[in-house]
Amino acid sequence: MMHDLSNKSDTLSALPDIIKELKSEGYHFYPLTKDVKPVAFDYVD
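- Under an unreviewed UniProt entry, the protein has the name Polysaccharide deacetylase family protein and belongs to Aminipila terrae.

Set out below in structure tokens:
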């Protein structure tokens, strides 16, 4: 969802179903706040 392409609406339109399914599997979702630290991954070329 963090991609910068404005013409990608398929993922956005599928999101409610994805969230519903993940919640049924026991996942929880919480809002991002300023207290949430960004995740950075080290990529090896």
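We are not done yet, so read on.
### Points about the overall build of the protein
- For the protein, the count of helices and strands is one helix and zero strands.
- Counting every position in the protein, which comprises 45 residues, the buried fraction comes to 0%.
- As displayed, the protein offers around 5,100 Å² of accessible surface, 58% of which is attributable to carbon and sulfur atoms.

### Considering a nonpolar patch on the surface
- Together, Val 39, Phe 41 and Tyr 43 line one region of the surface with nonpolar side chains, adding up to about 440 Å² of accessible area.
- With respect to the helices and strands, the residue Val 39 is situated in the segment after helix H1 (10-24).
- Taking the relative accessible area as the measure of exposure, Val 39 reaches 64% and is therefore exposed.

### Thoughts on H1
- Compared with an ideal rise of 1.5 Å per residue, which puts 15 residues at 21 Å, H1 spans 22 Å between its outermost C-alpha atoms and is within 8% of the ideal.
- The largest bend along H1 measures about 40 degrees and falls at Pro 16.
- Backbone geometry just downstream of H1 places Gly 26 in the positive-phi region, at approximately 100 degrees.

The rules behind the values
- Residues numbered from 1 in each chain as written.
- Predicted model: local features only at pLDDT ≥ 70, side-chain atom pairs only at ≥ 80, totals over all residues.
- Heavy atoms only, no water.
- Helix = DSSP H or I, 4+ residues; strand = E, 2+ residues; numbered from the N terminus.
- Buried < 20%, exposed > 50% of the residue type's maximum accessible area, 1.4 Å probe, protein only.
- Areas by Shrake-Rupley, 256 points an atom, 1.4 Å probe, with all protein chains shown as cover.
- Patch = residues over 30% accessible without salt bridge, like charges linked within 9 Å, V, L, I, M, F, W, Y side chains within 5 Å.
- Salt bridge = Lys/Arg side-chain N within 4 Å of Asp/Glu carboxyl O.
- Expected span 1.5 Å × (residues − 1).
- Bend = angle between axes of the 7 residues up to and from the residue.

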